[in-house]
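A closer look at the structure
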Amino acid sequence: MSNQITIKVNGKSYTREVEGRTLLASFLREDLSLTGTHIGCDTSGCGACTVLLDGKAVKSCTILAVQADGATVKTIEGMAENGNLHPLQASFKEKHGLQCGFCTPGMIMVASDFLASNPKPNEQEIRESLEGNFCRCTGYHNIVLAIKDAADTMSA
Amino acid sequence: MKLEGIHTLKAERRVIWVMIMDPDLLVKITPGISELVKKDEFSYEAISEVKIGPVKGRFKGELSLTELNEPESFNLKISQNSKIGNVDAKIHIQLNDLGNEQTEIIFDGDAQMSGVIARTGQRVVSGVANSLTKQFFDALDKEIEFMKGVDG
Amino acid sequence: MSYIGKSVKRIEDKRLVTGKGKYTDDIKIPGLTHAYILRSPYASANILGIDTSAAKSAEGVISVFVGTDIEGIRGVPTGWQVNFKNGDTMKEPAHPLLVTDAVRHVGDAVALVIAETKEQARDAADLIDVDYEVLEAAVDPAEAIKDGAPLVHEDAPNNICFDWELGNPVSEVDAALAKAHHITSLDFINQRLVPNAIEPRSAIGHYEEHNDHYTLYTSTQNPHLTRLLLCAFVLGIPEHKVRVVSFDVGGGFGSKIFHYTEEALVIWASRKINRPIKWTAERSESFLTDAHGRDHVTSAKMGFDKAGKMVALKVDTIANLGAYLSTFAPAVPTWLHGTLLQGLYTTPKIHIDLKAVFTHTNAVDAYRGAGRPEATYLLERLVDLAALEMNMDPAELRRINFIPAFNGVTEPGYQTQVALQYDSGNYHGVLDRALEKVGYKDFRKAQQESLAKGKLLGIGFSTYIEACGIAPSAVVGALGARAGLFESAQVRVQPTGKVSVYTGSHSHGQGHETTFVQVVADKLGIPMEDVDLVHGDSDAVAFGMGTYGSRSLAVGGSAIVKSVEKILEKGAKIAAHKLEASVDDLDYANGKWTVKGTDKSIAFGDVSLTAYVPHDYPQGLEPGLDFASFYDPTNFTYPFGAHIAIVEIDKETGKVTLQRFVAVDDVGNVINPMIVEGQIHGGVAQGIGQAMLEGAVYDESGQLINGSYMDYAMPRADDFPSFEVERTVTPCPHNPLGVKGAGEAGTIGSTPAVVNAVIDALWKAGFKVKDIKMPLTPERVWTAMNN
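Computed from a predicted model, the values in this text were never measured in an experiment. All chains use their own residue numbering, which begins from 1 and follows the written sequence. Written order determines the labels here, with chains lettered from A and ligands numbered from 1. Totals for whole chains, interfaces and linings use every residue, but because this is a predicted model, local features are given only for residues with pLDDT of at least 70 and side-chain atom pairs only at 80 or more, for both listing and counting. Note that water and hydrogens are dropped before the side-chain values are worked out from all heavy atoms of the structure.

The subject of this paragraph is the overall build of chain B. When helices and strands are tallied, chain B shows four helices and seven strands. Listed by position from the N terminus, the elements making up chain B come as β-α-α-β-β-β-β-β-β-α-α. The globule rule is 2.2 Å times the number of residues to the power 0.38, and the radius of gyration it is compared with is taken over C-alpha atoms. Relative to the compact-globule value of 15 Å for 152 residues, chain B shows a C-alpha radius of gyration of 16 Å, a close match. Taken along the three principal axes of its C-alpha coordinates, chain B extends 45 × 30 × 25 Å. Residues count as neighbours in contact if any of their non-hydrogen atoms are within 4.5 Å of one another. In chain B, the share of contacts with a sequence separation of at least 24, taken over all contacts with a separation of at least 6, comes to 51%. Methods summary: accessible areas were calculated by the Shrake-Rupley approach with a probe of 1.4 Å, and residue burial reflects only the protein chains presented. Counting every atom, chain B has about 8,200 Å² of accessible surface; 51% of that belongs to carbon and sulfur. Within chain B, the 24 negative side-chain charges are centred at a point lying 9 Å from the centre of the 19 positive side-chain charges. Here a helix means four or more residues in a row that DSSP labels H or I, a strand means two or more in a row labelled E, and each is numbered from the N terminus. The charge count includes Lys and Arg as positive and Asp and Glu as negative, but it does not include His or the ends of the chains. Each charge is placed at NZ for Lys, CZ for Arg, CG for Asp and CD for Glu.

The next subject is unusual backbone geometry. The linkage connecting E70 of chain B with the following residue, P71 of chain B, adopts the cis geometry, with an omega of -5°. Inspection of the secondary structure puts P71 of chain B in the loop between β4 (55-69) and β5 (73-82). With an omega of -5°, the peptide bond between M774 of chain C and P775 of chain C qualifies as cis. With respect to the helices and strands, the residue P775 of chain C is situated in the loop between α18 (745-764) and α19 (778-785). The phi dihedral of A419 of chain C is positive, around 85°, even though this residue is not glycine. Position of A419 of chain C among the secondary structure elements: in the loop between β16 (414-415) and β17 (421-422). Here's how the labels work: a residue is buried when its accessible area is under 20% of the maximum for its type, exposed when over 50%, partly exposed in between, all with a 1.4 Å probe on protein chains only. With a relative accessible area of 52%, A419 of chain C lands in the exposed category.

Now for the layout of surface pockets. Picture a little ball the size of a water molecule; that probe, rolled over the atoms, points out where space is still empty. Here the second largest pocket defines a volume of roughly 1,200 Å³. A 1.4 Å probe that fits but cannot get out identifies a cavity on a 1 Å grid over protein atoms alone, an open set with protein on both sides within 12 Å along at least five of seven lines counts as a pocket, and a residue lines either if it has an atom within 4 Å of a point. E694, G695, V697, P775 and R780 of chain C are the residues nearest the centre of the second largest pocket, which is lined by 45 residues in total. Put simply, the parts of the chain that give the lining of the second largest pocket at least two residues each are α4 (122-151) of chain B together with α4 (141-144), β8 (182-193), β13 (293-304), β27 (656-666), α17 (673-692) and α19 of chain C. A per-class count over the lining of the second largest pocket returns 22 nonpolar, 11 polar and 12 charged. Grid points are joined across faces, edges and corners, and a volume is the space filled by probe spheres set on the points. Think of it as three bins: nonpolar holds Ala, Val, Leu, Ile, Met, Phe, Trp, Tyr, Cys and Pro, charged holds Asp, Glu, Lys and Arg, and polar takes everything else, Gly as well.

Right, let's talk about the interface of chain C and chain A for a bit. For an interface, size is often stated in terms of accessible area lost upon the parts coming together. Taken together, the contacts link 52 residues of chain C with 44 residues of chain A. For the pair chain C and chain A, the summed buried surface comes to about 4,300 Å²; carbon and sulfur atoms form 54% of the total. Buried area is calculated as the accessible area (1.4 Å probe) missing from two parts once they are joined, with the contributions of both summed. Looking only at chain C, the three residues that lose the most surface to chain A are V17, I198 and A717 of chain C, adding up to 15% of its buried area. What counts as a salt bridge is simple: a side-chain nitrogen of Lys or Arg found within 4 Å of a carboxyl oxygen of Asp or Glu. Between chain C and chain A we count five salt bridges in total. The partner of K9 of chain C in a salt bridge is E94 of chain A, and the shortest N-O contact between them spans 3.8 Å. For this analysis, a polar contact is any N or O atom pair within 3.5 Å, provided that within protein one partner can donate a hydrogen and the other can accept it, and provided that sequence-adjacent residues contribute only side-chain to side-chain pairs. On the surface where chain C and chain A come into contact, there are 30 residue pairs in polar contact (both at pLDDT 80 or more). Broken down by secondary-structure element, the contributors of at least two residues to the side of chain C that touches chain A are α1 (13-17), α3 (118-125), α8 (283-289) and α17 of chain C. With eight residues, the single largest contributor to the side of chain C that touches chain A is α17 of chain C.

Further remarks concern the arrangement of the chains. Out of two pairs of chains that touch, the pair holding the most contacts is chains A and C. There is no contact between chain A and chain B; across them, the least C-alpha separation is 9 Å.

Glancing now at the pattern of salt bridges. Residue and element names in this part refer to chain C. Evaluated as defined, the whole model comprises 57 salt bridges over all chains. When the shortest N-O distance is used, the salt bridge between K146 and E143 registers 3.0 Å. You can call E143 partly exposed: its relative accessible area is 42%.

All right, on to empty space enclosed by the protein then. All names here are of chain B. Within the structure shown, the criterion is met by nine cavities of 30 Å³ or more. Size it by volume and the largest cavity reaches roughly 980 Å³. Taken together, 34 residues make up the lining of the largest cavity; nearest its centre are T30, L76, I78, I91 and L132. Secondary-structure elements contributing two or more residues to the lining of the largest cavity are β3 (43-52), β4, β5, β6 (85-99), β7 (102-113) and α4. Partitioning the lining of the largest cavity into residue classes produces 30 nonpolar, four polar and no charged.

Attention now goes to a nonpolar patch on the surface. All names here are of chain C. Here the term patch refers to residues with relative accessible area over 30% and no salt bridge, with like charges joined within 9 Å and nonpolar side chains (Val, Leu, Ile, Met, Phe, Trp, Tyr) within 5 Å. A cluster of nonpolar side chains, contributed by L609, Y612 and V613, occupies part of the molecular surface with about 230 Å² of accessible area. Tracing the backbone shows Y612 in helix α16 (residues 604-612). Here Y612 falls in the partly exposed class, since its relative accessible area comes to 31%.

Time to look at the domain arrangement of chain A. Residues and elements named next belong to chain A. Structurally, chain A comprises domain 1 (2-78) and domain 2 (87-155). All the domain ranges listed were derived from an automatic or database domain assignment. On a C-alpha basis, the centres of domain 1 and domain 2 stand 21 Å from each other. With both sides pooled, the region where domain 1 packs onto domain 2 buries about 1,200 Å², and carbon together with sulfur makes up 61% of that total. For K56, the salt bridge is made with D113, and the minimal N-O distance between the two is 3.7 Å. One can count five residue pairs in polar contact (both at pLDDT 80 or more) joining domain 1 with domain 2. Contributing elements (two or more residues each) for the side of domain 1 that touches domain 2: β3 (50-53) and β4 (56-59). Partitioned by chemical class, the residues of the side of domain 1 that touches domain 2 number seven nonpolar, eight polar and three charged.

On to the side chain of D248 of chain C, then. Residue and element names in this part refer to chain C. Mapped onto the elements of the fold, D248 is located in the loop between β11 (242-245) and α7 (261-273). Within the local environment of D248, its side chain forms a polar contact with the backbone nitrogen of K22, the two atoms lying 2.7 Å apart. Setting aside its immediate chain neighbours within four residues, D248 contacts R15, L16, G21, K22, Y23, T24 and E199.

To continue, consider the sheet that holds strand β28 (residues 723-727) of chain C. Residues and elements named next belong to chain C. Reading across from one edge, β18-β26-β27-β28 is the order of the four strands in this open sheet, with mixed pairing throughout. What marks the edges here is a single partner per strand, and that holds for β18 (456-465) and β28. Ignoring which end each strand starts from, the neighbouring axes of this sheet average 15° apart. Here, a strand pair is defined by DSSP locating no fewer than two bridges between the strands. As judged from the five bridges shared by β27 and β28, these two strands associate in the parallel manner. Its bridge partner lying in β28, A663 is registered against V725. The convention used is that axes are lines fitted to C-alpha atoms, helices contributing only their stretch in contact, and that angles between N-to-C directions extend from 0 to 180 degrees.

One full turn of an α-helix is made of 3.6 residues, so residues set three or four places apart face in the same direction. All names here are of chain C. A helix is expected to span 1.5 Å for every residue after the first. In this model, α18 (20 residues) spans 29 Å end to end at C-alpha, consistent with the 28 Å of a helix rising 1.5 Å per residue. The buried fraction of α18 amounts to 19 of the 20 residues, a majority that puts the element mostly inside the structure. Backbone geometry just after α18 places G766 at a positive phi near 95°.

Once that is clear, we can look at the nonpolar core. To define a nonpolar core, start from buried Ala, Val, Leu, Ile, Met, Phe, Trp, Tyr and Cys residues and group those joined through side-chain atoms within 4.5 Å. If you look at the biggest cluster of nonpolar residues, it comprises 218 residues, and the most contacted ones within it are F92 of chain A together with F162 and F661 of chain C. F661 of chain C has contacts with H643, I644, A645, V684, I688, P721, F723, E724, S750, A753 and V754 of chain C, leaving out every residue within four places of it along the chain. Counting 44 residues, the second-largest nonpolar core is a separate cluster that includes V8, V517, Y617 and V739 of chain C.

On to the side chain of S629 of chain C, then. Among the secondary structure elements, S629 of chain C is positioned in strand β25 (residues 626-631). Looking at S629 of chain C, its side chain comes within polar contact range of the side chain of K566 of chain C, at 3.0 Å.

Confidence of the prediction at every residue is given by pLDDT, a number between 0 and 100. Considering every residue of chain B, the mean pLDDT works out to 87; 97% of them sit at 70 or more. Both confidence scores are given for the complex: pTM 0.95, ipTM 0.98.

Dropping the structure here:
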C-alpha cells in the first residue's frame, strides 16, 4: 500500500510515493539519498537519526514518513548555509567533539533544538539534553565543550 | 522465568476444576487469548495477543494438560510461537480444598522465552506475567460471583 | 612547517559534521539487492528441517539460501592458535557461514534471504519455517567445564578449547605464597561487554561478471586481513580478484577487526545471483553477533612480605570464548592478558593458569584493551584491597612495589616474569602527578569529615601498563599468530610536489587523516594541505594489518616515516645534482635543500618535478619519487598511567555518583595532543561504563536478555563528570616517532579505579566488602551495605 506525501526537506519540497510503514529515517536515506541522517538502532535509543521536524528535534526512526506529510524537515545536510558551517558544526570540529562521526549529525541536530530553548546552558544542562543520544567514542567530554562553545558563539 | 503464586477462590474445588477445564470459559477469562480450539481431550490450539513492555505479538501454539489428577492437580504445558519470539512454559497446578466453599490454587512453573521478547523487555516480563495472572484470577472470581448469582 | 605536537583540527571533520561521511550503508550501487539473515532464536538446538518454499515465492524475493546450499565451505577461520599445555592443538570447530545441522547460540545464522528491498527480505524471512529440536545450553563458563554439561561441540570434551599457563613454575609461586606475611585473595567476574559501535556492521558484496572481479564494501578496522581471510581461507577466490573497501567506519572498539560470516556471505551470494547485495545489521543483530568482550571468571591471590613488598601472584582464570572462535579470540585471554600480570610491580613470582571455554553464547574476542583491561582489573583490585586489609596507604603500597624508572636507551628494558620486556617507563611519575592533581591529602581529610556527616566518599586508584603497538611478527608468530603484524606505507610524491600517503592502518574514528598527514608534512617541511592520506582500500594500499591494539601510529606511522626517509634520501641526491654539491653538504629544512653555509637552495617541489622530468638528472638514478616501506616493530610499546576516581555513594539507595576522574597517562611522544586526549576521554568512558553500567546478561537457557538499547545500559552524557586528563612523556625507545599508542589506555586503566573507589568508600564507612560484582548498580551496592 503506498501513499503520496510531500515533505519540505532543507528548503526543498519533495513529493514521493511511500509505503505506510516507511520510517522518516529510511525515507530521508533511501528515497532522498540524504545519508547524513544515520540509523544506529531499532528501538529509538541511540539518537543518531535525530532531525528537526517543524523546528523540533525528533528521532526520525520514531516517525513514519506519512506522519511527516506536509511538514518541514531539516537534516544535517541543511545546517551549513552558503558554504559556512553552522556554529555547532564549527564548534564540534574546533573542540574535537567527534571521532568516528556516526553520532555527530544526531548530536548537532539535538543540540540545535536545545540551544534554541536554552541559549546559555550550563554543563549539567547540556549533559541532560544529550540523554537520548549515544556516543561511544568521545566519552561526551568534548561534545559538551563543543555545545558550550557553540552556545557562546551563537549568543555573542 | 519462574511462575508461581497462590490464589484463593470462593467455590468448591470440584466447581473450580470444571470451570478451568472449559475452553469457552478460559477464552473468556484469560487475558490475551482470542481463540482456543480443542485438538483432542486434553490439548488445544491457542491464539493469543500479548503486549510485553515494548513488544507486542500475536502468538500461536499449543496448550495441553497432562498428568490430570481430578480434581486435585494437573500440569499445564504451553508452547507459543510468534514473529517476536517463542514462549515455552510448564506449570504445575494444585487445587487444595479449604472447605467452606473455598479452594486454594497453587501454581508453580517455569517459562522460557526466546527471540525478541527474550532480549527486549525480558526484565519486565515477570511484571507482565504477574499482572496477567491477577487479571485471570480477577476474571475467574467474577465468573464465580456471577454463577452464584445465577444459582442463588 | 612544524606540525608534530600541535593540536591541529581534524581534516576528516569537514565531511563528518556536514553529513557527507560515507559509511558502508550509505553506499548505493545500481541493481543493489538487500539481504536479511534469519537467525536462531535458540542457544542450542538441532535443526530437523527448514522449509523456505513460502519465502522463495514471496514478493520481491530473489533467492533464499540455507547452509546446505553452501557446499564445501567450512566457514570463517581463526587467526591465532594456542595449544594445550600438553602440546595438543586447540579445538578449532568450524564456524559455518550458515548452519546446517545445529545452532550453537542465539543469533546463529540459519538462512540468507535476498530481495529487492530490505523490507521484502525481512518479510520473507518471517515465512521460513525452521523445525528446531531445542536442547539444553551451556551458558555459564564455570559450569560448562563440569562433567555432564551440555556440549557446544562434540569434539571439545568439557567444552574446553584449550588450557594454558604462563610465568614461573607453580611450585615456586606456591612456595612464595606459603612464606608470605599477608595474602589478599579475590574471586571475581570480569563481565561480558557488548562493544556497541554506534554504526552497525554493514557489508556489500558486488561480483562483476565482465572482469570476474569482486568488491566487498565493509565496515571494518582491517580491510586487507579481511581480504586475505576471505580469499585464502573461506571462499578460495584468487586474492587479486577481490577489492575490499572501507570508507568511513562508525566506531569499532575491536568489534570490527574480525572477518565476519556476513562479509563472506554477501560476496558468495553476489556471484550466485550476479547482482550486488547489501546487508546491514539491525541493532538487535549487533547485540547478538558483534564479537563481545571480556567474560572472565577469576580467582587470584597476591602475597606480600611484612613491609608490603609483593612476593607472589597466582591466578586461575576461566575465559569464555562463546560458541565459535572469532578471529583473534584465542590470543585475548592468553598473550594479551597473562603477559600483563607483572603490572608496574616487581613481583618476583607470577603464575597464571587458564582454561578457555566454549559456551552456547555469542563469540568473545578483542574489545577495547582486549585482555589488558582484565589483567589490570585483577592486579589493581588486588592492590587496593591489600592496602585496605593491611591498613596501608594504597598509593604508598604501589610506590614501594613499582619498577624504578628506566628509559630503555641508556638503561635496559625491564624483563618481566611473564614473557614481556617493557620498553621504558616512569611509573612513580604518573602516580605522583595524579596524586597532586587530585589533591590526595586534602581528599583524605574531606573523606573523614564527610563520613561524620553521613556521606560516603571513596577514592580508588589504578596504575596500569599495557602492551600495544601490536606487534613484532616473529614474536607473535612464535606465540601462535597466523599473521604478521607489521604495517605497510607508501609515500608518493607527485610531480608537483603534492604528496599522497597510503597506509595499511585504517581509521575508524582515530583521525589518521590528520595525524599521519601531520607527520608527513612535518618531516617534509611542506604544508599539510599538500598531503593527503589514503586508507581503507585494498586496491589503493599495497597491504595492511589494520587499526587495533593501539598500533596505528607506532607501527603504521613508523612505516610512513621509513618511506619519508627514503624520499628525502633520494630527493637529496637529486637536489645535490641540481645544486652541484655533494649530498653531505646539504641541509634539509622547511621544504628545501640548502648547501650548508650558502643561500643556494632548491625547493621540495622542484626536486619532485625533476624526479618526474629527469632531463638534468643524476646518472644511474631511477626517475620518480615514490617509496613503499614495511615496518615490523622490534617490541611492543608500553604505555602506562595512573587513574584516580572519586565517588560518592548514596547510603539510602546505593547509587554511586562519580564525582571526579583524574587520568595521568604516558603514551610516549604525542603527535596531536587534542586527538590523544579525545582517545583517553573515550577510553575512560568505556572503562567507567564497565564498572558502573554495562554487562551482557544471558539467562540460563542462553537468551541474551538485554540485547537492545532499552535494556543494555549504555553510558550517557550525564553519567560522567568532566574528565581531568594529563600526560607525562616517556618516549618509546624503539620506534622512530617515540610513540606508544593511546587508543586503549583509558579503558585499561579506568575500570578498577572506579570499583576501588566504591570499595574504599564502603570500608571507610565500616562495610568491609571485598568485592561487588560489576556493574555496580545501586541494588548491588545497597545490598553490600545491608547484608
